[in-house]
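Each chain, written out:
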Number of protein chains: 2
Amino acid sequence: MRQLRHRADHFTVLVRQVPLCPEHNTRACAVDHFFSKHHRFSYHSYQMLYDGKDLEYLLGKQKKLKKELEDKRRTDMLSNGSQEHKQISTSEEKLREITNMICHLQNGTMLREKELPVAFVTFKSRRSAALAAQTQQHSNPLELITEMAPEPRDVSWRNLAIPQKILPLNKIGVILAAALLTIFFAIPVTAVQGIAKYEKLKKWFPPAMVIEFIPGLSSVVTGYLPSAILKGFMYIIPFAMLGMAYLGGSISKSKEEIKACNMVFYFLMGNVFFLTLISGSLLDEIGEYLTHPRDIPSHLAAAVSAQGEFFMTYILTDGLSGFSLEILQLGLILFDIIRSYTYGRGKERTPYLFSFPYFRVIPTVSLSIMIGMIYAVVAPLMLPFLVGYFCLGYIVYFNQMEDVYETTYDTCGQFWPSIHHYIFVSIILMQITMVGLFGLKSKPSAAIATVPLILITIAYNEYCKIRFLPSFKHFPIQTAVEIDEEDEKNGEMEAHCVDAATAYNQHQPCLERVKISDESITNLSHPLLGTESI
Amino acid sequence: MRQLRHRADHFTVLVRQVPLCPEHNTRACAVDHFFSKHHRFSYHSYQMLYDGKDLEYLLGKQKKLKKELEDKRRTDMLSNGSQEHKQISTSEEKLREITNMICHLQNGTMLREKELPVAFVTFKSRRSAALAAQTQQHSNPLELITEMAPEPRDVSWRNLAIPQKILPLNKIGVILAAALLTIFFAIPVTAVQGIAKYEKLKKWFPPAMVIEFIPGLSSVVTGYLPSAILKGFMYIIPFAMLGMAYLGGSISKSKEEIKACNMVFYFLMGNVFFLTLISGSLLDEIGEYLTHPRDIPSHLAAAVSAQGEFFMTYILTDGLSGFSLEILQLGLILFDIIRSYTYGRGKERTPYLFSFPYFRVIPTVSLSIMIGMIYAVVAPLMLPFLVGYFCLGYIVYFNQMEDVYETTYDTCGQFWPSIHHYIFVSIILMQITMVGLFGLKSKPSAAIATVPLILITIAYNEYCKIRFLPSFKHFPIQTAVEIDEEDEKNGEMEAHCVDAATAYNQHQPCLERVKISDESITNLSHPLLGTESI
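Remember, it's a predicted structure, so these values are computed and weren't measured experimentally.

Conventions used here
Residues numbered from 1 in each chain as written. Chains lettered and ligands numbered in written order. Predicted model: local features only at pLDDT ≥ 70, side-chain atom pairs only at ≥ 80, totals over all residues. Helix = DSSP H or I, 4+ residues; strand = E, 2+ residues; numbered from the N terminus. Buried ≥ 20, exposed ≤ 12 C-beta atoms within 10 Å, placed from the backbone. Contact = placed C-beta atoms within 7 Å. Pairing = 2+ DSSP bridges. Axes fitted to C-alpha atoms, helices over the stretch in contact; angles between N-to-C directions. Parallel < 35°, antiparallel > 145°, perpendicular 65-115°, else oblique. Left-handed = near helix turned anticlockwise from the far one by under 90°. Nonpolar A, V, L, I, M, F, W, Y, C, P; charged D, E, K, R; others polar. Domains from an automatic or database assignment. Least-squares fit on C-alpha atoms with pLDDT ≥ 70 in both. pLDDT = per-residue confidence, 0-100. Expected span 1.5 Å × (residues − 1). Bend = angle between axes of the 7 residues up to and from the residue. Core = buried A, V, L, I, M, F, W, Y, C linked by C-beta atoms within 7 Å. Arc of directions from axis to C-beta.

**Here's the deal with the overall build of chain A**
Inference 1: Scanning chain A for helices and strands turns up 24 helices and four strands.
Inference 2: Burial analysis of chain A (534 residues in total) assigns 28% to the buried set.
Inference 3: Counting contacts in chain A only where the partners sit at least 6 residues apart, residues at least 24 apart contribute 78% of the total.

This is the structure in structure tokens:
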């Protein structure tokens with residue numbers, strides 16, 4: 001705890017559903033009035049959010065123009081034609097115009113009209129921020145809703161602009177969409193697999209006949225094509241889920257990713273684990289489980305025992321191919337190649353760095369844990385393979401974490417409750433399988449003796465929820481005061497507080513500061529006004 | 001809101017699971033350290049809770065002795081015998097001894113050993129108390145759990161002594177017991193009804209033959225006995241549920257009563273409403289509903305249509321007999337008569353006043369609302385009867401509230417969420433019945449069109465939960481600051497705060513102050529020491 005470095009979000013509270021101030025008809029005024037009255041000694045400052053679509057468009061245009069101008073200037077230096085000199089000055093005129101427009105729009109009065117009912121309120125101490133974040137401020141619980149602010153670089157600015165009223169619809173929509181995707185995923189995949197049979201391919205796409213002339217390739221294609229199609233679909237799923245989670249209106253990117261992580265886990269559980277075990281479709285199976293809940297254990301045990309070898313192969317291939325794909329970053333290479341040959345053709349390549357894809361890696365690894373858990377009872381021989389899998393995974397991801405991916409925000413261990421939940425689901429499934437297995441082996445007393453184990457597991461999970469989950473949701477007063485006191489001792493309190501107040505201002509995309517007289521312009525046309533920059 | 005008079009609980013927070021202070025090995029010290037450090041400017045004082053079983057026993061004994069002494073003195077005045085004079089002085093000696101013992105035990109050092117991990121912490125303003133009550137204090141969420149304190153006279157002192165660790169078991173136990181009582185209630189009742197047939201009574205209890213000699217009485221007994229037995233059982237149920245709720249470990253009497261109210265409502269719904277509708281036992285019916293959820297609407301609609309007349313009679317008899325019983329207070333009269341002829345025989349009658357039995361009245365009235373809701377569609381003719389019922393009920397309960405019952409604590413509208421929930425359940429049942437009814441009348445399109453209505457009702461209930469329910473759980477900062485400011489204007493803040501701090505001290509039963517030298521004793525034996533009283 002003592003190693004926690006200074007974080008702006010500890011001082012800041014996100015306030016949603018800010019009402020209009022009846023006197024001055026602005027929301028900014030309402031925030032300031034409310035917090036300076038009700039948190040008189042601890043309130044520091046506030047930062048409103050603005051609907052910045054126009055501004056962001058202009059900022060984007062400005063950047064593009066600047067780049068064009070630079071390019072033109074470079075070619076101008078080489079050719080020195082008067083035609084191009086003219087072009088440059090019109091471009092400069094345009095750029096100046098846009099910059100002025102941006103400055104005009106970023107002006108206080110203009111911004112006031114674009115106010116959103118969302119604000120970041122900064123307090124003078126971590127303690128006061130923690131107190132304000134956890135309490136109900138307004139007598140109407142749907143106004144001035146406070147919560148701990150996410151890190152400035154983690155804030156999902158676009159989602160904060162979604163009106164609070166339609167947020168529940170977004171959430172329900174995303175859950176529904178994810179559930180439908182999970183349940184009906186098998187249908188399009190089998191359809192595509194049916195179409196992509198080699199015989200049919202020959203008929204519709206005659207060039208595919210070439211394959212026949214290379215000896216052996218034909219059998220490889222017929223053998224691996226369906227599996228490759230399935231893998232391809234599977235590879236897209238995490239990104240699709242992340243996109244859906246984005247529409248769910250979470251206030252921060254980390255929460256989006258956690259949501260996507262949960263959806264991908266349930267997807268994998270349904271479409272890799274259960275779909276392998278059962279014969280029919282997922283929907284039929286769910287229906288049968290619901291109507292005959294007593295048959296679940298024996299059904300599960302029989303299916304699990306029958307599919308042991310398949311999952312052993314799965315762990316092996318996923319371990320070897322999955323980790324090597326992770327190192328090769330094949331998906332990124334493919335994406336890059338496709339991009340450079342299609343819409344990105346001829347554009348300058350921008351170097352890219354991505355953050356660690358937790359939403360893809362955690363569910364995959366959790367699925368392996370689940371398979372290991374369940375087969376620990378049915379086929380313990382799978383465990384050595386799993387140990388190998390995890391050791392290899394540790395080495396691979398350690399390398400990737402250190403050298404390949406970039407940190408875009410601090411997860412602060414927020415993924416642990418999800419992982420705990422996946423392990424809990426795995427253990428429950430293992431215990432249900434155990435009950436079924438003892439039933440199949442005609443040991444009813446052993447089966448009955450296992451039932452309390454399930455109840456104890458559920459009780460333990462409930463205990464963990466009240467003992468550990470609150471630590472992930474609230475910032476306890478004790479910890480806040482501890483860090484505050486240390487800061488006060490070092491005399492850094494004031495600086496940290498001011499720092500937090502500016503952080504949210506700087507990160508808001510539409511408030512990005514522009515220089516009125518750009519260096520590169522002034523060099524040519526207004527050399528004496530160069531100091532006017534704000 | 002402005003009419004809210006001063007309440008001690010607004011300044012006070014109940015703290016549970018207080019850890020031991022490692023230095024001084026007391027919990028009192030830990031509370032004081034924690035709050036004076038983490039709420040430095042707003043913390044006022046604390047009041048520990050003590051395990052006062054011994055003290056309460058002694059206090060009871062003291063009161064009994066005092067009364068005996070007075071009685072003896074009275075007879076002494078009349079008879080003036082020396083024998084009795086001696087008895088009085090030994091009684092006085094005993095009383096003095098006990099009083100000294102109490103004072104010794106109420107002394108600080110002795111109390112420290114009886115400390116419970118529970119404390120009432122008083123703050124200097126309502127705002128600080130509201131902030132502390134709604135936030136997580138300790139980094140371990142299971143230590144120093146804060147919540148808004150109940151009113152001093154509403155605190156359930158005995159329940160606060162239950163260790164937090166076994167509380168979940170208590171809660172689960174009570175819910176299980178209430179569910180079992182609801183489901184299997186019909187079995188003992190039908191058993192007793194079977195035994196209490198007049199023919200059997202004659203055989204086992206020959207004096208019952210007397211009935212035959214009074215013309216007409218025999219038929220009345222045979223006709224009304226089973227119904228009277230059912231009513232008798234029904235009358236006991238609310239008290240049994242209140243007793244069970246008491247074991248559930250709620251921190252206040254009002255919460256116990258709300259819990260009892262909920263349990264009684266579901267009991268009545270199961271054993272008056274559903275048991276009338278169905279043919280078999282409640283358990284069979286629940287099982288059938290769970291296995292064939294699609295049949296519920298048509299099943300319900302058919303049963304409801306068939307039992308219309310029964311419920312009309314029910315509303316009429318319950319309206320006329322129930323309200324007249326309420327006015328006559330027959331239960332209390334019976335209880336009093338039985339008491340005065342059995343264990344209370346010869347004892348002086350203490351006047352008694354009870355608080356309004358919300359846990360009995362609210363569920364009964366809610367059941368009538370439910371019947372009215374459901375029959376509004378099936379048999380609208382029932383509505384005029386219900387209007388009559390409610391008008392009569394209004395007059396009766398208005399009178400009872402004003403003149404008969406005493407207010408033991410302020411409910412503060414805490415029963416409204418429960419009543420809202422009962423009405424919600426009624427509306428949902430009505431709409432399901434509607435679906436079934438349209439299905440029975442072969443109007444499938446109307447039936448399908450009603451389904452969205454159910455979804456909208458559920459969505460509206462969810463909205464109410466987030467819009468109105470928090471107001472019943474938290475004390476919003478805005479309101480707290482408003483009352484605080486008014487108090488500050490009147491200069492009453494300090495007085496109210498001190499008042500709140502002492503209120504919880506005075507109400508704790510084991511800390512009841514006793515006078516060391518009682519007036520009545522000193523008058524006879526130590527006239528000069530009369531001023532020594534503390």
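**Let's talk about the sheet that holds strand β2 (residues 43–50) of chain B**
Residue and element names in this part refer to chain B.
Inference 1: The sheet built from four strands is open, its strands ordered β2-β3-β1-β4 with antiparallel pairing. Each edge of the sheet is formed by a strand with only one pairing partner; in this case those strands are β2 and β4 (145–148). For this sheet, the mean angle separating the axes of adjacent strands, direction not counted, is 25°.
Inference 2: Bridging between strand β1 (residues 12–16) and strand β3 (residues 115–123) involves four bridges; their strand directions are antiparallel. Looking at the pairing, Thr12 lines up with Thr122 of β3.

**Focus: the packing of helix α15 (residues 308–328) of chain B against helix α17 (residues 358–378) of chain B**
Residues and elements named next belong to chain B.
Inference 1: Between α15 and α17, the least distance of the axes is 11 Å, while the angle of their chain directions is 150°. One finds that α15 runs roughly antiparallel with respect to α17. The two elements α15 and α17 meet at a crossing, and its hand is left-handed. For the pair α15 and α17, the contacting residues are Gly308, Phe311, Ile315 and Gly322 in the first and Thr364, Ser368, Ile371, Tyr375 and Val378 in the second.
Inference 2: Residues of the contact of α15 with α17, tallied by class, amount to five nonpolar, four polar and no charged.

**Some remarks on the domain arrangement of chain A**
Bring the parts together and some accessible area is lost; that lost area is often taken as the interface size.
Inference 1: When its domains are assigned, chain A resolves into domain 1 (8–134 + 479–532) and domain 2 (249–473).
Inference 2: A straight line from the C-alpha centre of domain 1 of chain A to that of domain 2 of chain A covers 42 Å.

**Notes on the relation of the copies chain B and chain A**
Inference 1: The two copies are related by a screw motion: chain B maps onto chain A through a turn of 180° and a shift of 0.0 Å along the axis, at an RMSD of 0.1 Å. Both copies of the chain, as the preceding transformation shows, are related through a two-fold rotation axis.
Inference 2: In this assembly, 100% of the residues forming the interface of chain B have copies in chain A that are likewise at the interface, indicating an isologous arrangement.

**A closer look at the packing of helix α11 (residues 217–247) of chain A against helix α12 (residues 253–277) of chain A**
Residue and element names in this part refer to chain A.
Inference 1: Direction vectors running N to C along α11 and α12 enclose 135°, while the axes themselves pass 8 Å from each other. The orientation of α11 with respect to α12, classified from their angle, is oblique. Regarding α11 and α12, the two cross each other, and that crossing is right-handed. Contacts between α11 and α12 involve Ile237, Pro238, Met241, Leu242, Ala245 and Tyr246 from the first element and Glu256, Glu257, Lys259, Ala260, Met263, Val264 and Phe267 from the second.

**Description of the confidence of the model for chain A**
Residues and elements named next belong to chain A.
Inference 1: In the predicted model, chain A carries a mean pLDDT of 84, and 91% of its residues have values of at least 70.
Inference 2: Across residues 518–534, confidence stays below pLDDT 50; counting only partners more than four residues off in sequence or on other chains, it has 19 contacts.
Inference 3: Two summary scores accompany this predicted model of the complex, namely pTM at 0.85 and ipTM at 0.84.

**Quick look at the interface of chain B and chain A**
Inference 1: If you look at the interface, chain B gives 22 residues, while chain A gives 22 residues.
Inference 2: At the level of secondary structure, the elements contributing two or more residues to the side of chain B that touches chain A comprise α1 (27–38), α5 (126–134), α20 (444–467), α21 (469–473) and α22 (477–490) of chain B.
Inference 3: Here the side of chain B that touches chain A takes four residues from α22 of chain B, the largest share from any one element.
Inference 4: Within the side of chain B that touches chain A, the residues separate by chemical class into nine nonpolar, eleven polar and two charged.

**Thoughts on the pairing of β1 of chain B**
Residues and elements named next belong to chain B.
Inference 1: Burial within β1 is extensive, with five of its five residues counted as buried.
Inference 2: When β1 meets β4, the two strands line up antiparallel, connected through four bridges. In the sheet register, Arg16 faces β4, and the bridge partner there is Ile145.

**Quick look at helix α15 (residues 308–328) of chain A**
Residue and element names in this part refer to chain A.
Inference 1: Look at α15: 30 Å from first C-alpha to last across 21 residues, which is about the 30 Å you get at 1.5 Å a residue.
Inference 2: At Asp318, α15 shows its maximal kink, close to 25°.
Inference 3: Among the residues making up α15, those that are buried are Phe311, Ile315, Asp318, Gly319, Gly322 and Glu326.
Inference 4: On the buried face of α15, the contacting elements are α17 (358–378) and α18 (382–404).
Inference 5: Just downstream of α15 lies Gln329, where phi reads positive at about 55°.

**Structural notes on the nonpolar core**
Inference 1: Of all hydrophobic cores here, the largest spans 87 residues; its most connected members are Ala119 of chain A together with Ala119 of chain B.
Inference 2: Other than its neighbours up to four places away in sequence, Ala119 of chain A contacts Val15, Val18, Val31, Tyr46, Gln47, Met48 and Leu49 of chain A.
Inference 3: The next biggest cluster of nonpolar side chains, apart from the first, holds 41 residues, and it includes Met269, Val272, Leu437 and Phe438 of chain A.

**A word on the sheet that holds strand β4 (residues 145–148) of chain A**
Residue and element names in this part refer to chain A.
Inference 1: One open sheet holds the four strands; their spatial order is β2-β3-β1-β4, and the pairing between them is antiparallel. The open sheet terminates on both sides in strands that have one partner only, identified here as β2 (43–50) and β4. For this sheet, the mean inter-axis angle between neighbouring strands, taken without regard to orientation, is 25°.
Inference 2: With six bridges connecting them, β2 and strand β3 (residues 115–123) associate as antiparallel partners. From the neighbouring strand, Tyr46 faces β3, where its bridge partner is Val121.
Inference 3: Docked against the sheet, helix α1 (residues 27–38) engages β1 (12–16), β2 and β3, running at close to 160° with respect to β2.

**Some remarks on unusual backbone geometry**
Inference 1: One non-glycine residue, Asn25 of chain A, lies in the positive phi region at around 60°.
Inference 2: Here Asn25 of chain A shows up in the loop between β1 and α1.
Inference 3: Assessed through the 10 C-beta atoms surrounding it within 10 Å, Asn25 of chain A is described here as exposed.
Inference 4: For Gln17 of chain B, which is not a glycine, the phi torsion comes out positive at approximately 55°.
Inference 5: Topologically, Gln17 of chain B is positioned in the loop between β1 and α1.

**A closer look at the environment of Tyr394 of chain A**
Inference 1: With respect to the secondary-structure elements, Tyr394 of chain A resides in helix α18.
Inference 2: Between the C-alpha atom of Tyr394 of chain A and that of Gly319 of chain A, which follows or precedes it by 75 residues, the distance is 11 Å.

**Points about helix α14 (residues 296–306) of chain A**
Residues and elements named next belong to chain A.
Inference 1: Those residues of α14 not exposed but buried are Pro297, Leu300, Ala301 and Val304. All buried residues of α14 fall inside an arc of 100° around its axis, so they share one side.
Inference 2: Turning to α14, the residues buried within the fold contact α12, α17 and α19 (416–440).

**Some points on the environment of Gly194 of chain A**
Inference 1: Counting through the fold element by element, Gly194 of chain A comes out in helix α8 (residues 186–195).
Inference 2: Placed 215 residues apart in sequence, Gly194 of chain A and Tyr409 of chain A show a C-alpha to C-alpha distance of 43 Å.

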